[in-house]
Every structure is written in C-alpha cells, then in structure tokens.
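A structural walkthrough
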Amino acid sequence: MSNYLVAMEAAWLVRDVEEIDDAIGVAVSEAGKRLNDDDMDYVEVEVGATPCPACGEPFDSAFIAADTALVGLLLEMKVFNADSTQHAVRIAKSEIGGALRDVPLKVIDTQELAEEVEEN
C-alpha cells in the first residue's frame, strides 16, 4: 500500500461577475465551502494555471464573457494506503466528485509520496 498526491482540474462557472480577480475569489470560495461542508478541508483548492500559447508563461485559468466566468481550479488531495495509482485516482475522484456534484473534473497528475520514516 502506498500514499499518493492526486491533482485534479475543475471547471467552475461564476455568474454575474465583471472582473477576473472577483471570479477567481468566488470560485475558490464556493469550492472550498462545498468541500468544507462535507468535512473535506484536507483538499487544497487554488486557481489553476494555463500556459500562454504565444510565450508559454503561465497565467490564471479564468475567462469572462457576458458577465459569466469559467475558472479552472486546481484541487489536490493526499490519498493514503492505495493499492495503485489507479486506485488512488478512483478514491480521489469519488471523494471530491461527491462533494462537488455537477462540476467537471479531470485528473492532471498523480504522484507517489515517499514513505515517511518515524524516529524513536
């Protein structure tokens, strides 16, 4: 059994917003509230990054059209005692997907965590 860090991207809609910073704040806040309502404060929520097609530099994943924003959120969750990478992904998708119903999720990275050695 191993421990994993699973990173997912979520597409979050924010309505009636005019500024990118406001849309990002609302998206992170709403996602955090829904996760905390399900006692999932162990899931890290932050705005995602999208590479610029011209220069490759990352910028915040948010776009506004007609006072409606699409914000790309990055969600990270540690999964403990999973049998495999696929098992860790299924656990994370089930946990996060259950709290964020109707929010599109995509796994973008899974890393096996190094074993922590306890000193006595």
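Coordinates for the structure precede this section.
Here is what the cut-offs are and how they apply
- Residues numbered from 1 in each chain as written.
- Predicted model: local features only at pLDDT ≥ 70, side-chain atom pairs only at ≥ 80, totals over all residues.
- Heavy atoms only, no water.
- Helix = DSSP H or I, 4+ residues; strand = E, 2+ residues; numbered from the N terminus.
- Contact = heavy atoms within 4.5 Å.
- Pairing = 2+ DSSP bridges.
- Patch = residues over 30% accessible without salt bridge, like charges linked within 9 Å, V, L, I, M, F, W, Y side chains within 5 Å.
- Areas by Shrake-Rupley, 256 points an atom, 1.4 Å probe, with all protein chains shown as cover.
- Salt bridge = Lys/Arg side-chain N within 4 Å of Asp/Glu carboxyl O.
- Lys, Arg positive; Asp, Glu negative; His and termini not counted.
- Charge placed at Lys NZ, Arg CZ, Asp CG, Glu CD.
- Polar contact = N/O pair within 3.5 Å; in protein donor to acceptor, adjacent residues only side chain to side chain.
- Buried < 20%, exposed > 50% of the residue type's maximum accessible area, 1.4 Å probe, protein only.

Turning to the environment of Val89, a few remarks are in order. Counting through the fold element by element, Val89 comes out in helix 2 (residues 85-99). Remark: the alpha-carbon pair of Val89 and Leu5, spanning 84 residues in sequence, is separated by 9.1 Å. Dropping the residues within four chain positions of it, Val89 is found in contact with Val6, Val107 and Thr110.

Moving on, we come to the pairing of strand 5 (residues 62-65). Examined bridge by bridge, strand 5 and strand 6 (residues 68-82) share 4 bridges and lie antiparallel to one another. Within strand 6, the position partnered with Ile64 by the bridge is Ala69. Hairpin connection of strand 5 to strand 6: 2 residues between the antiparallel strands, including Ala66 at a positive phi of 55 degrees.

A surface patch of negative charge is lined by Asp16, Glu18, Glu19, Asp21, Asp22, Asp60 and Asp67. Note on placement: Asp16 falls in the loop between strand 1 (2-15) and helix 1 (20-37).

Looking now at the pattern of salt bridges. Under the definition given, this model contains 1 salt bridge. The salt bridge partner of Lys33 is Asp37, with a shortest N-O separation of 3.2 Å. Highlighted residues: Lys33 and Asp37, both in helix 1, separated by 4 residues, approximately one helical turn.

Here we take up the side chain of Asn3. Within the secondary structure layout, Asn3 lies in strand 1. Within the structure, the side chain of Asn3 is placed 3.0 Å from the backbone nitrogen of Asn81, a separation counted as a polar contact. Apart from the residues within four sequence positions on either side, Asn3 is in contact with Val79, Phe80, Asn81, Gln111, Glu112 and Leu113.

What follows is about unusual backbone geometry. With a phi close to 55 degrees, Ala66 is a non-glycine residue in the positive phi region. For Ala66, the position within the fold is in the loop between strand 5 and strand 6. In this structure Ala66 comes out as exposed when scored by relative accessible area, which is 77%. Phi angles above zero are rare outside glycine, and Asn81 is one such case at about 60 degrees.

Across 13 bridges, strand 1 lies against strand 6 in antiparallel orientation. Among the inter-strand pairings, Ala7 is bridged to a residue of strand 6, identified as Glu76. Across 7 bridges, the pairing between strand 1 and strand 7 (residues 105-112) is antiparallel. The residue of strand 7 that forms the bridge with Tyr4 is Glu112.

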